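Below, each chain spelled out in residue letters.
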Amino acid sequence: DAKTTQPPSMDCAEGRAANLPCNHSTISGNEYVYWYRQIHSQGPQYIIHGLKNNETNEMASLIITEDRKSSTLILPHATLRDTAVYYCIVRVGGSSYKLIFGSGTRLLVRP
Amino acid sequence: GAVVSQHPSWVICKSGTSVKIECRSLDFQATTMFWYRQFPKQSLMLMATSNEGSKATYEQGVEKDKFLINHASLTLSTLTVTSAHPEDSSFYICSAERGTGGFEAFFGQGTRLTVV
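Description of the structure in this document. This structure is a prediction, so every number in the text was calculated from the model and none was measured.

## Concerning the sheet that holds strand E4 (residues 45-50) of chain A
All names here are of chain A. Pairing within the open sheet is mixed, and its 5 strands lie in the order E1-E9-E8-E3-E4. Of all the strands in the sheet, the pair left with one neighbour each is strand E1 (9-13) and E4. The mean inter-strand angle of the sheet, taken between neighbouring strand axes irrespective of direction, is 25°. Two elements, strand E3 (residues 31-38) and E4, share 5 bridges in a ladder whose sense is antiparallel. If you follow Tyr36 over to E4, its bridge partner there is Tyr46.

Right under this line is the structure:
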């Protein structure tokens, strides 16, 4: 079963920051937080992952609380192409460990 | 990012026939590949873990004799849906990880199977 809780849907205006929350209160010390997104009828796309520290890449920023029980994915300047379902997943790092998808958050970016 | 390719992108088959879906890692070697199924408006459901050179590990409730998985090389895994029925119609997606220590799973574009 998925170990994360996300709001089913959110929306934001184009050009504004989109902040997507995720609760993972039962996360273990060796589990990473991963974010993927799925645009309609495509395979999921990797966005970012982190363990303890905040992370940033060209797509997004990941803010993890100090107790690691929740995190927020930030898309700094959302565009219409960011409309997708965003999945927050916790998983033990390294290869061969399964990615178990929850229900995700459907983000709608409004013009 | 790395590229994972699935073939075909879509397929229509008759009830009772078998369909093979290929998943290839184009620019890296994948010791492990995963197969998912996704029904409309639902999340991805993991079906099985495919390990190169060994038998696949199936999730609970997934029939291993119906969904045959072969991972004969480090760049290719196949999923064969045998004796397909209309309820097998779904979006099938594979993912692959780079070697050992990989932290990113790369997904194929998916295969939409329709059984008529």
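## So, the interface of chain B and chain A
Residue-level contacts link 24 residues of chain B with 23 residues of chain A. Taking both partners together, chain B and chain A bury about 1700 Å²; carbon and sulfur atoms supply 54% of that area. Summed over the shared surface of chain B and chain A, the number is 2 salt bridges. Salt-bridge contacts for Lys98 of chain A lead to Glu59 of chain B; the nearest nitrogen and oxygen are separated by 3.1 Å. Across the contact surface, chain B and chain A share 6 residue pairs in polar contact (both at pLDDT 80 or more). Among the secondary structure elements, those contributing two or more residues to the side of chain B that touches chain A are strand E4 (32-38), strand E5 (45-51), strand E9 (90-97) and strand E10 (105-107) of chain B.

## Side note on unusual backbone geometry
His7 of chain B connects to Pro8 of chain B through a cis peptide bond whose omega is 0°. Relative to the helices and strands, Pro8 of chain B is located in the loop between strand E1 (4-7) and strand E2 (10-13). For Arg68 of chain A, which is not glycine, the phi dihedral falls at a positive 65°. Residue position: Arg68 of chain A is located in the loop between strand E6 (61-64) and strand E7 (70-75).

## Brief notes about the pairing of E7 of chain A
Residues and elements named next belong to chain A. Side chains of E7 alternate between two faces, with Ser71, Leu73 and Leu75 buried and Ser70, Thr72 and Ile74 left unburied. In terms of strand pairing, strand E2 (residues 18-23) meets E7 through 6 bridges, oriented antiparallel. Within E7, the position partnered with Asn23 by the bridge is Ser70. Alignment of E6 against E7, held across 4 bridges, turns out to be antiparallel. Its bridge partner lying in E7, Ile64 is registered against Ser71.

## Regarding the sheet that holds E7 of chain A
Here 4 strands make up an open sheet; going across it, the order is E2-E7-E6-E5 (chain A) and the pairing antiparallel. Because the sheet does not close on itself, it has two edges, and the strands there are E2 and strand E5 (55-56) of chain A.

## Let's talk about the side chain of Asp82 of chain A
Residues and elements named next belong to chain A. Along the polypeptide, Asp82 turns up in the loop between E7 and strand E8 (84-92). Overall, Asp82 belongs to the buried group, its relative accessible area being 13%. Excluding its chain neighbours within four sequence positions, the residues that come into contact with Asp82 are Arg37, Leu75, His77, Leu107 and Val109.

## Things to note about the packing of aromatic side chains
How two aromatic rings sit relative to each other is given by the distance of their centres and the angle of their planes. For the structure shown, the criterion picks out 10 aromatic pairs over all chains. Seen from their ring centres, Tyr36 of chain A and Phe107 of chain B are 5.5 Å apart, and the 80° between their planes marks the pair as edge-to-face. Within this pair, whereas Tyr36 of chain A is found in strand E3, its partner Phe107 of chain B is found in strand E10, the two belonging to separate chains. Assessed through its relative accessible area of 0%, Tyr36 of chain A is described here as buried. With centroids separated by 6.4 Å and ring planes inclined at 40°, the aromatic side chains of Phe67 of chain B and Tyr92 of chain B adopt a geometry described as tilted. Residue Phe67 of chain B is found in strand E7 (residues 67-73), and its partner Tyr92 of chain B is found in strand E9; the two are separated by 25 residues along the sequence. Given the relative accessible area of 4%, Phe67 of chain B is considered buried. An aromatic cluster of at least three residues, connected via ring pairs, comprises Tyr36, Tyr46, Tyr87 and Phe101 of chain A together with Tyr36 and Phe107 of chain B.

Parameters at a glance
- Residues numbered from 1 in each chain as written.
- Chains lettered and ligands numbered in written order.
- Predicted model: local features only at pLDDT ≥ 70, side-chain atom pairs only at ≥ 80, totals over all residues.
- Heavy atoms only, no water.
- Pairing = 2+ DSSP bridges.
- Helix = DSSP H or I, 4+ residues; strand = E, 2+ residues; numbered from the N terminus.
- Axes fitted to C-alpha atoms, helices over the stretch in contact; angles between N-to-C directions.
- Contact = heavy atoms within 4.5 Å.
- Buried area = accessible area lost by both parts, 1.4 Å probe.
- Salt bridge = Lys/Arg side-chain N within 4 Å of Asp/Glu carboxyl O.
- Polar contact = N/O pair within 3.5 Å; in protein donor to acceptor, adjacent residues only side chain to side chain.
- Buried < 20%, exposed > 50% of the residue type's maximum accessible area, 1.4 Å probe, protein only.
- Phe/Tyr/Trp six-rings, centres within 6.5 Å; stacked < 30°, edge-to-face > 60°.

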